[in-house]
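Topology and contacts: notes
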Amino acid sequence: QYPEQWTKIREILERKDAGIRGGALKEIGDEGEAIALEYERITVAATRRDLAHLVKKVSMATSLGYDIISLHAEEGRRKKYIEVKTTKKNHMPEVEIPFTISINEWSVAQQHGDDYFIYRVTITKEGVSIFSIRNPVARAKDGTLSAEPIGFKIVYLPGSGAYLDMKPIYANNQ
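Described below are features of the structure shown in this document. In this convention, every chain numbers its residues from 1, walking through the sequence in written order. Residues qualify for local features only when their pLDDT is at least 70, as the model is predicted, and side-chain atom pairs are given and counted only at 80 or more; totals for whole chains, interfaces and linings, by contrast, use all residues. Based on all heavy atoms of the structure, the side-chain values leave hydrogens and waters out of the count.

This part covers the environment of L145. Only runs of H or I of at least four residues qualify as helices and only runs of E of at least two qualify as strands under DSSP, and these elements are numbered from the N terminus. For L145, the position within the fold is in the loop between helix 4 (136–142) and helix 5 (167–172). In this analysis, two residues are considered to be in contact whenever any of their non-hydrogen atoms come within 4.5 Å of each other. Discounting chain neighbours no more than four positions away, the residues touching L145 are I133, P136, R139 and A140.

Type-normalised accessible area, obtained with a 1.4 Å probe on protein chains alone, sets the label of each residue: buried when under 20%, exposed when over 50%, and partly exposed for intermediate values. With nine of nine residues buried, strand 4 (residues 116–124) lies mostly within the body of the structure. By the convention used here, strands pair only if DSSP detects at least 2 bridges between them. In the sheet, strand 3 (residues 79–88) pairs with strand 4 via eight bridges, with the strands oriented parallel. Along strand 4, the bridge assignment pairs Y81 with Y116. The parallel pair strand 3 and strand 4 is bridged by helix 3 (residues 103–112), and the resulting crossover is right-handed. Place the viewer so that the strands point away; then a crossover is right-handed whenever the path from the first strand over the helix to the second strand goes clockwise.

The biggest cluster of nonpolar side chains holds 16 residues, and the ones touching the most others in it are A36, V44, V55, I68, I82, V84 and Y119. Of all the secondary structure elements, the ones that give two or more residues to this core are helix 2 (18–48), strand 2 (68–71), strand 3 and strand 4. Buried Ala, Val, Leu, Ile, Met, Phe, Trp, Tyr and Cys residues form a nonpolar core when they are joined through side-chain atoms within 4.5 Å. With 11 residues, the next largest nonpolar core counts Y81, V108, Y116 and V137 among its residues.

Here we take up the pattern of salt bridges. Salt bridge, as applied in this entry: a Lys or Arg side-chain nitrogen positioned within 4 Å of an Asp or Glu carboxyl oxygen. Following the criterion strictly, the structure yields nine salt bridges and no others. Salt-bridge contacts for D50 lead to R48; the nearest nitrogen and oxygen are separated by 2.8 Å. Taking relative accessible area as the criterion, D50 reaches 44% and is therefore assigned partly exposed. By relative accessible area, which is 29% here, R48 ends up partly exposed.

Further remarks concern a nonpolar patch on the surface. Taken together, Y39, V128 and I130 make up a surface patch of nonpolar side chains, about 250 Å² in accessible area. Looking at Y39, the relative accessible area reads 42%, which means it is partly exposed. Two joining distances apply to patches: 9 Å for like charges and 5 Å for nonpolar side chains (Val, Leu, Ile, Met, Phe, Trp, Tyr), and every residue must have over 30% relative accessible area and no salt bridge. Residue-level accessible areas treat just the shown protein chains as cover; the underlying method is Shrake-Rupley with a 1.4 Å probe.

Once that is clear, we can look at helix 3. Those residues of helix 3 lying buried are E105, V108 and A109. The buried residues of helix 3 occupy an angular sector of 105° when projected down its axis, which confines them to one face. Within helix 3, the exposed residues directed more than 90 degrees away from the buried face are I103 and Q111. Residues of helix 3 that are buried make contact with strand 3, strand 4 and helix 4. To obtain the arc, one takes the directions from the helix axis to the C-beta atoms.

A few words now on the packing of aromatic side chains. The geometry of an aromatic ring pair is captured by the separation of the ring centres together with the interplanar angle, meaning the angle of the planes. When two rings of Phe, Tyr or Trp (its six-membered ring) have centres within 6.5 Å they constitute a pair, described as stacked for plane angles under 30 degrees, edge-to-face for angles over 60, and tilted for the intermediate range. Within the structure shown, the criterion is met by three aromatic pairs. In this scheme, Lys NZ or Arg CZ marks a charge over a ring once it lies within 6 Å of the ring centre and within 35 degrees of the ring normal. The aromatic ring of F117 is capped on one face by K80, whose charged end is 4.7 Å from the ring centroid.

With that settled, the discussion passes to unusual backbone geometry. In the Ramachandran plot, N135 falls in the positive-phi region, its phi being about 50° despite a non-glycine side chain. When its relative accessible area of 9% is taken as the criterion, N135 is described as buried.

Next up, the structure:
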């Protein structure tokens, strides 16, 4: 009986379009990361060609809190941690478009201070722009950036609610 129930739940979940939207967002994010990676490689190579190979995309590794590891080329091998946030529009927006970062990304930004950057990549028909925010935590403290906590982690105990009876779903999907 149990495997049959999970099959029905999986069928319900697969009907949603969230995967399509998520895939499109990942594709846009990947484009922005590729642009930022190329920018970093070129700018590091302009100062220290011998160090350009150290610029790497690391976003495939989960939970690092940044997408690209680069260098402050003018300062030797000092690391630079870059989180890339990308938006795609038909035309360059007249106002800055807010974006979200995870609690982990904010925590890593706190940890790395002036070595942490957010690259806000905007892709339009007119071209590409990168707005660089160095040390977003300090920018929030000095008032040039607003960081609003918009999520809560919910840890719940059995007394906070009750499991719903799933029989109607199983019966309806036979």
